[in-house]
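Single-letter residue listing:
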Amino acid sequence: MRTRILLVCLLLVCGGSSMRSQITGDVIGQHSLGPGSPSPITGAASGSCIYCHAPHSGLDSGNLWNQKLTIQTYTSYTSSTYSQKGNNQPVAGTDTNLCLSCHDGTVAVGMTVVYGKIATMGAMRPTDIVGTLQSSHPVSLVLPLKDASDLVASLTSSGKTADSTGAVKLINGNIECTSCHNPHVEAKDKVAKQFLAKDSSSGALCLACHDPNRQPSGNQGPNGLAGWPQSIHATSNVSVQNLPYSNLSQNACLSCHTDHNAGGAEWLQRGAGDQVCLNCHSATGPATPSAANRGAPLPPRVTVAANLVAQLNVESEYAKIGHPIATVNMPVQSGPANREQGRLRNAAPDSPNQTGCIDCHDPHAVQAQTTFSAAPALRPSQAGMSGMSATDGTKVVRPAVEQFQTCLRCHGTTSVKTASPKFGYLPARQLSGDPLNVIPQFNSAATSSHPVMRDRSSPLPQPSLLPHMLNLNGTTQGRSMGTRIFCSDCHNSDDNREFGGTGPSGPHGSKWTHILERRYEMNQAPAPGQRVTNLLSNPDLSANGPYAMCAKCHDLSSIMRNASFAGHEKHVSAGFSCSTCHSAHGVGAASANLGGQRLLNFDLNVVGPNGGAPITYNRGTATCTLTCHQAAHESSGKVTLLTGGLGVKK
């Protein structure tokens with residue numbers, strides 16, 4: 001009779017107080033620590049309950065607690081976008097403190113209050129939280145909870161989550177371990193089997209508290225989760241490995257984030273910096289690690305058709321001449337003039353040459369790029385991104401509506417941008433302000449420009465302009481020319497699929513300098529006016545030649561017929577590059593000596609003055625006053641070869 005009473009008491013204890021749960025069909029699983037348990041630690045005492053509970057004389061925590069409590073002090077979770085400030089410690093006897101009494105690794109499992117030390121075998125898996133909660137979802141927050149635009153409104157208004165079943169809940173108005181975990185039922189989620197409060201496929205557990213559809217109000221910033229339900233990360237059925245569920249949409253949030261022991265602690269990412277993106281966006285993904293449990297920052301490996309793998313493999317593009325890539329998480333910096341604020345980021349926006357994938361892509365809103373529409377509208381791969389206005393480069397456009405607005409986040413007025421030698425030679429233009437600020441080169445005030453920020457409407461004839469851009473092979477037609485072009489029509493992966501390749505589209509990286517899609521050589525000289533050291537003689541006008549980038553849109557045979565300028569053929573045949581005389585972006589302002597029409601803006605590293613006369617171009621006579629390649633040009637059209645000069649005679 002006494003044994004039966006004890007058994008009933010133990011069953012009642014296992015469902016008690018704030019850690020209570022219905023145990024209908026219960027499988028305690030790894031929390032059953034007796035001999036033969038599937039847990040990595042097993043004890044000598046039989047039964048499931050006594051390692052945590054005692055029917056009599058347990059700690060007065062409301063749970064008849066039997067495990068010795070931890071007294072560890074923790075470093076709490078922080079991030080640059082986390083508003084719930086304060087290093088609050090889990091109070092002794094609260095649910096989180098009870099869980100950590102085993103899971104922080106400072107108190108041995110089986111160290112009971114009533115029965116003393118129960119002998120155990122084995123060891124905890126490497127997910128113990130020793131001294132830090134920084135890399136785990138925040139718990140035991142400083143109350144009251146602070147509202148945010150990406151949280152379910154009822155969390156702060158009524159203390160309830162969006163989970164209609166009530167399984168995901170606040171504990172005494174706070175987030176505790178048991179808000180998401182039910183310690184008595186291992187397999188409510190029959191796939192993950194990690195004592196989750198409910199089946200968490202398709203992000204159900206996260207969406208109980210995080211609301212991607214909530215509209216900001218008052219002084220709340222933008223909802224960083226906006227666009228999630230339609231995003232490719234929420235809808236794709238691409239298969240993955242080393243995650244709880246078999247495909248991307250089922251893993252949802254867990255594809256990039258993890259609840260405990262995150263590799264990139266800020267934002268709980270599965271890897272520091274851009275590694276979280278490269279877990280999937282690489283050739284095959286990292287080598288398969290040992291999948292010990294759900295909490296470890298295990299990178300997924302995409303397993304899809306070969307052609308899709310190539311399209312996803314941006315890691316190989318970064319290995320070329322690519323955008324800088326973030327290898328660590330860095331804090332968000334303030335100052336909208338330097339970079340738009342309010343989105344989750346994994347790289348410092350004010351740090352020179354330090355960017356990240358989410359400087360150009362919003363992982364919560366990004367959509368599949370299935371078609372390639374005409375410029376300038378923002379493409380699905382950048383859906384949800386904010387940009388900067390082309391008017392002055394300081395006004396935030398949220399969300400961006402034109403692709404170039406996203407480029408201006410870095411290539412506009414920000415004061416910290418620098419020219420990195422890895423991108424190649426940088427000309428010194430005669431008409432120039434900040435050469436790294438492209439706004440004056442492209443906007444409506446520019447004297448002439450490629451039609452990126454304004455429609456093509458030049459009053460001058462453009463006989464070389466093709467009706468369609470040419471694909472990478474230089475022969476087949478690509479997208480129609482239209483009245484606008486994208487930044488990425490020139491700055492693109494050299495094997496991008498938009499123009500006939502198999503690789504990812506966009507300026508991730510290229511084998512050509514300045515992340516150009518095709519070869520574009522620039523003449524260089526040891527000093528202005530002296531001999532060019534890299535003449536492009538016997539001009540190769542093929543798709544692999546030094547003029548290939550220009551040949552994407554311009555008919556080189558028209559150029560060689562001098563259809564728009566009488567001296568084109570002579571200069572090209574002599575080996576001069578387009579960049580010696582023309583700016584590839586545009587000319588922001590004119591001067592008395594240089595009108596800036598037709599992108600004409602001499603490279604002063606190559607071109608020098610003719611004696612004491614200023615460098616000029618006379619549009620009326622199409623003549624120059626300058627010295628180039630040791631050849632003196634005069635306004636009359638006369639060209640005098642200087643000592644050793646190999647100039648172009650008129």
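Per-chain numbering applies: the sequence of each chain, read as written, is numbered from 1 onward. The model is predicted, so local features are restricted to residues of pLDDT at least 70 and side-chain atom pairs to those at 80 or more, both for listing and for counting; the totals for chains, interfaces and linings are taken over all residues. The basis for every side-chain value is the complete set of non-hydrogen atoms in the structure, without hydrogens or water.

A. View of the side chain of T96. Secondary structure elements follow DSSP: runs of H or I no shorter than four residues count as helices, runs of E no shorter than two count as strands, and numbering proceeds from the N terminus. With respect to the helices and strands, T96 occurs in helix 2 (residues 95-103). Accessibility expressed as a relative area gives 0% for T96, which makes it buried. Contact criterion: two residues are considered in contact whenever any of their non-hydrogen atoms come within 4.5 Å of each other. When near neighbours in sequence (up to four residues on either side) are disregarded, T96 contacts P90, V139, S140, E176 and C177. Type-normalised accessible area, obtained with a 1.4 Å probe on protein chains alone, sets the label of each residue: buried when under 20%, exposed when over 50%, and partly exposed for intermediate values.

B. The arrangement of the pattern of salt bridges in detail. Between Lys or Arg on one side and Asp or Glu on the other, a salt bridge is scored when a side-chain nitrogen of the former is within 4 Å of a carboxyl oxygen of the latter. Per the stated rule, a full pass over the model turns up 13 salt bridges. One salt-bridge network, held together by shared partners, links E317, K320, D494 and D495.

C. The arrangement of unusual backbone geometry in detail. The omega torsion across A375 and P376 is 10 degrees, close enough to zero to call that bond cis. In this structure, P376 sits in the loop between strand 5 (321-322) and strand 6 (387-388). In this model, R398 is joined to P399 through a cis peptide bond whose omega is -5 degrees. Secondary-structure assignment places P399 in the loop between strand 7 (396-397) and helix 11 (403-411). Positive phi values are uncommon outside glycine, yet L268 reaches one of about 55 degrees. Secondary-structure assignment places L268 in the loop between helix 7 (248-251) and helix 8 (275-278). Of the residues examined, L268 reaches a relative accessible area of 8% and is grouped as buried. If you check the backbone angles, R598 has positive phi at about 55 degrees while not being a glycine. In this structure, R598 sits in the loop between strand 12 (586-587) and strand 13 (607-608). Given the relative accessible area of 35%, R598 is considered partly exposed.

D. Focus on the side chain of N313. Residue placement: N313 occurs in the loop between helix 9 (306-312) and helix 10 (315-318). A distance of 3.5 Å separates a polar atom in the side chain of N313 from the backbone nitrogen of E315. The contact partners of N313, leaving out residues within four places of it in the chain, are H281, S282, A283 and P504. Whenever two N or O atoms come within 3.5 Å, that pair is a polar contact, provided that in protein one can donate a hydrogen and the other can accept it, and provided that, for residues adjacent in sequence, both atoms are side-chain atoms.

E. Seen up close, the pairing of strand 15 (residues 623-628). The element strand 15 is largely enclosed, with a buried count of six among its six residues. Side-chain alternation along strand 15 places T623, T625 and T627 on one buried face and C624, L626 and C628 on a second face that is also buried. Each pair of strands is called paired provided DSSP finds at least two bridges between the two strands. The pairing of strand 13 with strand 15 spans two bridges and is classified as antiparallel. Along strand 15, the bridge assignment pairs V607 with C628. Pairing of strand 14 (residues 616-618) with strand 15, which is carried by three bridges, proceeds in the antiparallel orientation. Note that in strand 15 the partner of T616 across the bridge is T625. By the bridge criterion, three bridges tie strand 15 to strand 16 (residues 631-633) in an arrangement that is antiparallel. Paired with C628 across the bridge in strand 16 is A631.

So far we have only geometry, and geometry alone does not tell us how the molecule works.
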